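# Examination of the molecular architecture
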Amino acid sequence: MKKAVAITAATLALFAAFPAAAQFAKPADAVKYRESAFKLMATHFGRINAMAQGKVPFDAKAVQANAEVLSVIAKLPWDAFPAGSNVGKTEAKPEVWSQPEKFKSGAQLLIDNVAKLDTAARAGNLDQIKAAAGEVGKSCKACHETYKKD
């Protein structure tokens, strides 16, 4: 599992290193990319959050592995909102592009909170993980309320 996590993280980091313009030949490509990144974020955070909420048994190693991947994935979707990518089947509201600084600030808050969750996961302390997961959840919710269509 650790090897798979490391390979996934390295692959995602490689893609994150390319400028957004080089990644997306068409606006629809940006939409697909960011939706994929958000789906991965939801999957890995959901695994952690289920343990933090006591819905599944706590497994410190699983939390750490998922937090490690999440810390990479959390940085990916934000460059996939270039001008002109508010087309097709996007769930992004126009405010993403009309309030870019506020949107970037929200993205950075999520990235920062995920980093804190990763630190808590490395420590293996369930109470710290619960607190950090709560802050990640708040970051997600705030962004969804402002920038995501229902």
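For every chain, the first residue of the written sequence is number 1, and numbering continues from 1 along that sequence. Reporting of local features is limited, given that this is a predicted model, to residues whose pLDDT is at least 70; pairs of side-chain atoms are given and counted only at 80 or more, and all residues count toward the totals for whole chains, interfaces and linings. Water and hydrogen atoms play no part in the side-chain values, which are based on all heavy atoms of the structure.

## Focus on the packing of aromatic side chains
- Between the rings of Phe, Tyr and Trp (Trp by its six-membered ring), a pair exists once the centres lie within 6.5 Å; its type follows the angle of the planes, with under 30 degrees stacked, over 60 edge-to-face, and the other angles tilted. Taken as a whole, this structure holds eight aromatic pairs when the rule is applied.
- Both rings, one in Phe24 and one in Tyr33, keep their centres 5.2 Å apart while their planes meet at 65 degrees; by these two values the pair is edge-to-face.
- Residue classification places Phe24 among the buried residues on the basis of a relative accessible area of 11%.
- Centre to centre, the rings of Phe38 and Trp78 are 5.4 Å apart; their planes meet at 75 degrees, and the pair counts as edge-to-face. Taken together, the positions of Phe38 in helix α3 (residues 27-52) and Trp78 in the loop between α4 (60-73) and α5 (95-98) put the pair 40 residues apart, joining distant regions of the chain.
- By relative accessible area, Trp78 is classed as buried at 15%.
- Each residue in the set Phe38, Trp78, Phe81, Trp97, Phe103 and Tyr147 is aromatic and connected to the rest through ring pairs, giving one cluster. For the exposure calls, accessible area comes from a 1.4 Å probe over protein chains only, and a residue counts as buried if that area is under 20% of its type's maximum, exposed if over 50%, partly exposed in between. Each helix is a run of DSSP H or I of at least 4 residues and each strand a run of E of at least 2, with the numbering of both proceeding from the N terminus.

## Re the packing of α3 against helix α7 (residues 126-147)
- Angles here are taken between N-to-C directions and fall from 0 to 180 degrees, while the axes themselves are lines fitted to C-alpha atoms, restricted in helices to the stretch in contact. Where α3 contacts α7, the two axes come as close as 9 Å, and the packing angle between them is 130 degrees. When the axes of α3 and α7 are compared, the pair comes out oblique. Two packed elements cross with a definite hand, and for α3 against α7 that hand is left-handed. Between α3 and α7, the contacting residues are Phe45, Ile48, Asn49, Met51 and Ala52 on the first element and Leu126, Ile129, Lys130, Ala133, Val136 and Gly137 on the second.
- Considering only residue class, the contact of α3 with α7 consists of eight nonpolar, two polar and one charged. These descriptions rest on fixed angle ranges, namely under 35 degrees for roughly parallel, over 145 for roughly antiparallel, 65 to 115 for roughly perpendicular, and the rest for oblique. Should the near helix be turned anticlockwise from the far one by less than a right angle, the crossing is termed left-handed; should it be turned clockwise, right-handed. What makes two residues a contact is simply this: any of their non-hydrogen atoms within 4.5 Å. Under the scheme applied, nonpolar residues are Ala, Val, Leu, Ile, Met, Phe, Trp, Tyr, Cys and Pro; charged residues are Asp, Glu, Lys and Arg; polar residues are all the others, including Gly.

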